[in-house]
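Each chain, written out:
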There are 2 protein chains.
Amino acid sequence: MKVGLIQQKYHGSKKATIQKTLELIEKIPNADLIVLQELHQSEYFCKSEDIKHFELAKDFNLDVEFWRWVSEEKKVVLVTSLFEERAKGLYHNTAVVLDRGRVAGKYRKMHIPDDPGFYEKFYFTPGDLGFEPIDTSVGRLGVMVCWDQWYPEAARIMALKGADLLIYPTAIGWFDKDSKEEKAKQLEAWIKVQQGHAIANALPLISVNRVGFEKDESGCIDGIRFWGNSFVCGAQGEMLLQLSSDKEEAKTVELELDQTYEVRNIWPFLRDRRVESYECLLKRYCD
Amino acid sequence: MKVGLIQQKYHGSKKATIQKTLELIEKIPNADLIVLQELHQSEYFCKSEDIKHFELAKDFNLDVEFWRWVSEEKKVVLVTSLFEERAKGLYHNTAVVLDRGRVAGKYRKMHIPDDPGFYEKFYFTPGDLGFEPIDTSVGRLGVMVCWDQWYPEAARIMALKGADLLIYPTAIGWFDKDSKEEKAKQLEAWIKVQQGHAIANALPLISVNRVGFEKDESGCIDGIRFWGNSFVCGAQGEMLLQLSSDKEEAKTVELELDQTYEVRNIWPFLRDRRVESYECLLKRYCD
């Protein structure tokens, strides 16, 4: 299977940004699966809390229809990341998977962050669809979104529900004021925690992040320099493709889903889980 | 806190091997905490299934008493890994923590592997003490053993029970027949899955592995080339110390337990866990 990653910038408007996405999709005509970054139609608006941004969720159904059409035109499975207005005043950060013209399923971001510059708890209601893989013509996709990528629980549940691969549209970046060392540590941690999920579950993993500096118009913070580095790793966590930290790119890589079978047979982690001793995992803290 | 790692070979007998351990301990007199490798008193006998090896568990209580005495003499917290005869025919792979002359606690290996050359299910009854951190004068130690290091559940539970650091005495190695690429992938996966636990829980992590080739006397396999690479990483997974793949070594590194507080305040993963949606983790598989 050929997996395509599209890592891009925000181009000042929804129209211009989608135009760029379509151009990048044109560059990888042979991809069987294309993964887009988190909230790829717009800027990463959670840099501040402003009710005007809820407007961006209004056209969710039209957005789904548009990307469904693209997936049909390009004969591809497409993982999108959209802002969903579910009811008046009720919003989700939702990944929608389109399979060659069919809406295959959606995932509503379960773990919602909130820290300076990433005020997501203001915008997004935590997902209520659980961790359910989505069946497509290229496999059973364990699609999650960004902050979910720090949670081993989420990856494991997707694996236990039969996911063939783990997929994370993402928006994460640096603050310019941080030291070079701190930035390197953050980027490495972000990559390694995900490689850890791939290894622990013997599943390939795709993570697609945005690039470019986005100013915080509210002036609360300077802005975020999204660090790119979108990547694909195999079922032993080995890096198969890694994009740059500052360029818009569309690239593909060949992925062997059979590797999971081979790796799990030599490293049978699922066989030896001590499920009767994991109850603490369902608690906030075990004090 | 100064953390000491002792990575060593098997020296043909229990006496000679312990003698070497004591020599290596002499080399790091300033260590506050010393971690030994898995089953450090003997060869890694699980290369084949032979009841004669149960003899090695007979002196468990004497072994504990000996290492308690060492910890008192050296004024150090010592993490040992011993073969425990609990009753006739009932054995555990048990880590015992000695705190400057006091038996601080023990952990019985929970996840038991079994694959060619690592026939542990023959020797070790799965632990029944759960994942309980052990309180010592240098902190609350999340001690586990080897195969546990592949399980995000185990590391998370230790974190949720207040562990200050994660510790894994280990015995893992290569088969000479495997390709260079496969060996590199295995070693990298072993390191990264553990760095993943460090990052996901914002806890420093210590993993101590044996070195040297140990022949399988039964002739069933050639033997195992234990790959060393004992390491310490910080709460963002950053490598602080990494030993060689083939030498006996005793080294120390400074560890800042305060880092957990700082990292968790900027990356508050524990705050956002979706505990009400993790039930699947208590199942073998969620089909």
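Cut-offs applied
Residues numbered from 1 in each chain as written. Chains lettered and ligands numbered in written order. Predicted model: local features only at pLDDT ≥ 70, side-chain atom pairs only at ≥ 80, totals over all residues. Heavy atoms only, no water. Least-squares fit on C-alpha atoms with pLDDT ≥ 70 in both. Contact = heavy atoms within 4.5 Å. Phe/Tyr/Trp six-rings, centres within 6.5 Å; stacked < 30°, edge-to-face > 60°. Helix = DSSP H or I, 4+ residues; strand = E, 2+ residues; numbered from the N terminus. Buried < 20%, exposed > 50% of the residue type's maximum accessible area, 1.4 Å probe, protein only. Lys NZ or Arg CZ within 6 Å of the ring centre and 35° of its normal. Disulfide = S-S within 2.5 Å. Arc of directions from axis to C-beta. Pairing = 2+ DSSP bridges. Salt bridge = Lys/Arg side-chain N within 4 Å of Asp/Glu carboxyl O. Axes fitted to C-alpha atoms, helices over the stretch in contact; angles between N-to-C directions. Parallel < 35°, antiparallel > 145°, perpendicular 65-115°, else oblique. Left-handed = near helix turned anticlockwise from the far one by under 90°. Nonpolar A, V, L, I, M, F, W, Y, C, P; charged D, E, K, R; others polar. pLDDT = per-residue confidence, 0-100.

Here's the deal with the relation of the copies chain A and chain B
No. 1: Between the two copies, chain A and chain B, the superposition gives an RMSD of 0.0 Å; the rotation angle is 180° and the shift along the axis is 0.0 Å. Here the copies are linked by what is in effect a two-fold axis. Using C-alpha coordinates, one finds that chain A approaches the rotation axis most closely at Gly-196 of chain A, a distance of 2.4 Å.
No. 2: Of all interface residues in chain A, 100% are interface residues in chain B too; the two copies therefore contact each other through one and the same surface.

Let's talk about the packing of aromatic side chains
Residue and element names in this part refer to chain A.
No. 1: Across all of its chains, the model carries 54 aromatic pairs over all chains by this definition.
No. 2: Judged by centre distance (6.4 Å) and plane angle (35°), the rings of Tyr-107 and Phe-131 are tilted. Highlighted residues: Tyr-107 in strand β5 (residues 102–108) and Phe-131 in the loop between α3 (120–123) and β6 (134–136), separated in sequence by 24 residues.
No. 3: On the basis of relative accessible area, Tyr-107 is assigned to the buried category, the value being 1%.
No. 4: On the accessibility criterion, Phe-131 (1% relative accessible area) is buried.
No. 5: Taken together, the ring pairs in this structure connect Phe-45, Phe-54, Phe-83, Tyr-91, Phe-122, Tyr-123 and Phe-124 into an aromatic cluster.
No. 6: Lying over the aromatic face of Phe-226, Arg-210 brings its terminal NZ or CZ to 5.5 Å of the ring centre.

Comments concerning the state of the cysteines
Residues and elements named next belong to chain A.
No. 1: Summed over the entire model, instances satisfying the criterion amount to 2 disulfides over all chains.
No. 2: The disulfide partner of Cys-280 is Cys-286, and the S-S distance across this bridge is 1.9 Å. Taking the torsion about the sulfur-sulfur bond, which here is approximately 105°, the covalent link between Cys-280 and Cys-286 counts as right-handed. Taken individually, Cys-280 and Cys-286 each receive the classification buried, so the pair is uniform in this respect.
No. 3: Just so you know, Cys-146 is unpaired, no disulfide at all, and the nearest cysteine sulfur is the one on Cys-46, 9.5 Å from it.

Examining the side chain of His-197 of chain B
No. 1: By the element assignment, His-197 of chain B lies in helix α5 (residues 180–201).
No. 2: Sequence-distant contacts of His-197 of chain B, that is, excluding residues within four places in its chain, are made with Gln-149, Trp-150, Tyr-151, Pro-152, Ala-155, Leu-166, Tyr-168 and Leu-205 of chain B.

As for helix α6 (residues 258–266) of chain B
No. 1: Of the positions making up α6 of chain B, those classed as buried are Gln-259, Thr-260 and Val-263 of chain B. Down the axis of α6 of chain B, the buried set is contained in an arc of 100°. They therefore lie on one face. Those residues of α6 of chain B that are exposed and aimed more than 90 degrees away from the buried face are Asp-258, Tyr-261, Glu-262 and Asn-265 of chain B.
No. 2: Looking at the buried residues of α6 of chain B, the elements they touch are α5 (180–201) of chain A.

Overview of the environment of Leu-205 of chain B
Residue and element names in this part refer to chain B.
No. 1: Here Leu-205 shows up in strand β10 (residues 205–209).
No. 2: Expressed as a C-alpha distance, the spacing of Leu-205 and Trp-147, which sit 58 residues apart in the sequence, is 15 Å.
No. 3: Leaving out residues up to four positions away in the same chain, Leu-205 has contacts with Leu-166, Tyr-168, Gln-194, His-197, Ala-198, Phe-231, Val-232 and Cys-233.

Some details on the side chain of Ser-244 of chain B
No. 1: Considering the arrangement of structural elements, one finds Ser-244 of chain B in the loop between β14 (239–242) and β15 (249–254).
No. 2: Those residues in contact with Ser-244 of chain B that lie beyond four places of it in its chain are Gln-7, Val-211, Trp-227, Gly-228, Asn-229 and Glu-249 of chain B.

Considerations on the pairing of β14 of chain B
Two faces belong to every sheet, and in a regular strand the side chains alternate between them.
All names here are of chain B.
No. 1: Pairing analysis gives 3 bridges linking strand β13 (residues 231–233) to β14, with the strands arranged antiparallel. Among the inter-strand pairings, Val-232 is bridged to a residue of β14, identified as Leu-241.
No. 2: Between the end of β13 and the start of β14, which pair antiparallel, lie 5 residues, with Gly-237 showing a positive phi angle near 80°.

Focus on the pattern of salt bridges
No. 1: Across all of its chains, the model carries 60 salt bridges over all chains by this definition.
No. 2: Between Arg-108 of chain A and Asp-128 of chain A there is a salt bridge, with the nearest N and O atoms lying 3.1 Å from each other. In this pair, Arg-108 of chain A is assigned in strand β5 and Asp-128 of chain A in the loop between α3 and β6, connecting sequence segments 20 residues apart.
No. 3: The salt bridge involving Arg-140 of chain B is made with Asp-135 of chain B; its shortest N-O contact spans 2.6 Å.
No. 4: By relative accessible area, which is 25% here, Arg-140 of chain B ends up partly exposed.
No. 5: It is possible to trace a salt-bridge network through shared partners that takes in Glu-84, Arg-86, Lys-106, Arg-108 and Asp-128 of chain A.

A closer look at the sheet that holds strand β12 (residues 223–227) of chain A
Residue and element names in this part refer to chain A.
No. 1: Strand order in the open sheet made by the 3 strands is β9-β12-β11, with antiparallel pairing throughout. A single partner strand is all that each edge strand has here, and the edge strands are β9 (173–174) and β11 (211–215).
No. 2: Direction of pairing for β11 relative to β12: antiparallel, over a ladder of 5 bridges. Bridge pairing in β12 places Glu-214 opposite Ile-224.

Some remarks on the packing of helix α1 (residues 14–26) of chain A against helix α2 (residues 60–73) of chain A
Residues and elements named next belong to chain A.
No. 1: Their axes nearest at 13 Å, the elements α1 and α2 cross at an angle of 20°. When the axes of α1 and α2 are compared, the pair comes out roughly parallel. The chirality of how α1 crosses α2 is right-handed. In this structure, α1 uses Lys-14, Ile-18, Thr-21, Leu-22 and Ile-25 to contact α2, whose residues at the interface are Asp-63, Phe-66, Trp-67 and Val-70.
No. 2: Its residues assigned to classes, the contact of α1 with α2 comprises 6 nonpolar, 1 polar and 2 charged.

Here's the deal with the sheet that holds strand β13 (residues 231–233) of chain A
All names here are of chain A.
No. 1: Reading across from one edge, β6-β7-β8-β10-β13-β14 is the order of the 6 strands in this open sheet, with mixed pairing throughout. Each edge of the open sheet carries a strand with a single partner, namely β6 and β14 (239–242). Within the sheet, the average angular offset between the axes of one strand and its neighbour, ignoring direction, is 20°.
No. 2: Pairing of β6 with strand β7 (residues 139–143), which is carried by 3 bridges, proceeds in the antiparallel orientation. Bridge assignment links Thr-136 to a residue of β7, and that residue is Gly-139.
No. 3: Contacts from α5 reach β8 (165–170), β10 (205–209), β13 and β14, with the element oriented near 155° to β10.

Examining the confidence of the model for chain A
No. 1: The share of residues in chain A with pLDDT of 70 or more is 100%, and the mean pLDDT across the chain is 97.
No. 2: With pTM at 0.97, the complex prediction returns an ipTM value of 0.96.

A few points about the environment of His-111 of chain A
No. 1: Locating His-111 of chain A in the fold gives a position in the loop between β5 and α3.
No. 2: Measuring from C-alpha to C-alpha, the distance between His-111 of chain A and Val-275 of chain A comes to 23 Å, with 164 residues separating the pair along the chain.

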